[in-house]
Amino acid sequence: MCFACISLLACSKDDDTNPIQNNGTTNNNPSTSKMKITVGTAVFTATLYDNPSATAFKALFPLTINMTELNNNEKYFDLPNPLPTNASVGGDIKVGDLTLYGNNTLVLFYKSFNTSYSYTKLGYIDNPTGLATALGNGNVVVKFENN
């Protein structure tokens, strides 16, 4: 009987591991899904990753929110409802990265840096030149919509 339990656990572990590996691989693959991010008069084109989190985020479009300044490197907004997550350690954050912290905090980075925090990747701004200037020093209204 003990052998059967161990055998079932081993099968269960394999079944759980494969979807995680697939999600991890899919998480970093850009899709052909584009979106537009507007900050004041500045308009940026962004690419969404091909993952359930990005799909759920896109379902909220058009979305106009007041993003809050944090740490002189990011703007964030707490979404009213949780999105699916597949967080991984941030590592090298790049200017223009769009992520989810936890299951409902949308984060748009406007400076590059290294972090040990975990994020779910949603997408990235294709050409982030001028993003930091557009976002400014304080809170800012940002519009996300289909391109």
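Since the model is a prediction, treat every value here as computed from it, not as a measurement.

Trainee: Sorry if this is basic, but what is going on with the overall build of the protein chain here?
Mentor: Of regular secondary structure, the protein chain possesses three helices and nine strands. Burial analysis of the protein chain (147 residues in total) assigns 34% to the buried set. A fraction of 62% describes how many contacts in the protein chain between residues 6 or more apart in sequence connect residues 24 or more apart. Summing over all exposed atoms, the protein chain offers an accessible surface of approximately 8,200 Å²; the carbon and sulfur share of this is 54%.

Trainee: What is the right way to read the side chain of N51 from this model?
Mentor: Looking at the element boundaries, N51 is found in the loop between β2 (42–49) and α2 (52–58). Its relative accessible area of 6% is what places N51 among the buried residues. Of the polar contacts made by the side chain of N51, one reaches the backbone nitrogen of S53; its length is 3.0 Å.

Trainee: What should I look at first to understand the nonpolar core in this one?
Mentor: The nonpolar side chains of a soluble globular protein tend to be buried, and buried together. Counting residues in each nonpolar core, the largest one holds 26 residues, and the members touching the most others are M35, I37, F57, L106 and F144. Those residues in contact with L106 that sit more than four places away from it in its chain are F57, I65, M67, K75, Y76, F77, L79, L98, T99, L100, L122 and F144.

Trainee: What is the right way to look at the pattern of salt bridges in this model?
Mentor: For the structure on display, the rule yields four salt bridges. Here D126 and K34 are joined by a salt bridge, their closest N and O atoms 2.9 Å apart. Taken as a pair, D126 in the loop between β8 (113–125) and α3 (131–135) and K34 in strand β1 (residues 30–39) lie far apart in primary sequence, 92 residues in all. Within the structure, one salt-bridge network assembled from shared partners comprises K36, K143 and E145.

Trainee: In this structure, what is going on with the packing of aromatic side chains? I would like to understand it.
Mentor: How two aromatic rings sit relative to each other is given by the distance of their centres and the angle of their planes. What the rule picks out here adds up to seven aromatic pairs. Between F57 and F61, the aromatic rings sit 5.0 Å apart at their centres with planes inclined by 85°, giving edge-to-face as the arrangement. Exposure class is identical for F57 and F61. Each is buried. Site record: aromatic cluster; members linked through ring pairs are Y101, F109, F113, Y117 and Y119.

Trainee: Looking at this structure, how should I read the layout of surface pockets?
Mentor: Taken as a whole, the largest pocket encloses approximately 150 Å³ of empty space. Considering the residues around the largest pocket, the lining is formed by L70, N71, E74, Y76, Y101, T105, V107, F113, T115, Y117 and Y119. When contributions to the lining of the largest pocket are tallied by element, the ones reaching two or more residues are β4 (74–78), β7 (105–109) and β8. Considering each element in turn, the lining of the largest pocket owes the most residues, four residues, to β8. Looking at side-chain class alone, the lining of the largest pocket contains seven nonpolar, three polar and one charged residues.

Trainee: Please clarify how the side chain of T115 should be interpreted in this entry.
Mentor: If you trace the backbone, T115 turns up in strand β8. When its relative accessible area of 9% is taken as the criterion, T115 is described as buried. Within the structure, T115 has its side chain in polar contact with the backbone nitrogen of Y117 (distance 3.0 Å). Here T115 is in contact with V89, G90, G91 and I93, once residues within four sequence places are set aside.

Rules and cut-offs
- Residues numbered from 1 in each chain as written.
- Predicted model: local features only at pLDDT ≥ 70, side-chain atom pairs only at ≥ 80, totals over all residues.
- Heavy atoms only, no water.
- Helix = DSSP H or I, 4+ residues; strand = E, 2+ residues; numbered from the N terminus.
- Buried < 20%, exposed > 50% of the residue type's maximum accessible area, 1.4 Å probe, protein only.
- Contact = heavy atoms within 4.5 Å.
- Areas by Shrake-Rupley, 256 points an atom, 1.4 Å probe, with all protein chains shown as cover.
- Polar contact = N/O pair within 3.5 Å; in protein donor to acceptor, adjacent residues only side chain to side chain.
- Core = buried A, V, L, I, M, F, W, Y, C linked by side-chain atoms within 4.5 Å.
- Salt bridge = Lys/Arg side-chain N within 4 Å of Asp/Glu carboxyl O.
- Phe/Tyr/Trp six-rings, centres within 6.5 Å; stacked < 30°, edge-to-face > 60°.
- 1 Å grid on protein atoms, 1.4 Å probe; cavity = no way out; pocket = protein on both sides within 12 Å on 5 of 7 lines; lining within 4 Å.
- Points joined across faces, edges and corners; volume = space filled by probe spheres on them.
- Nonpolar A, V, L, I, M, F, W, Y, C, P; charged D, E, K, R; others polar.

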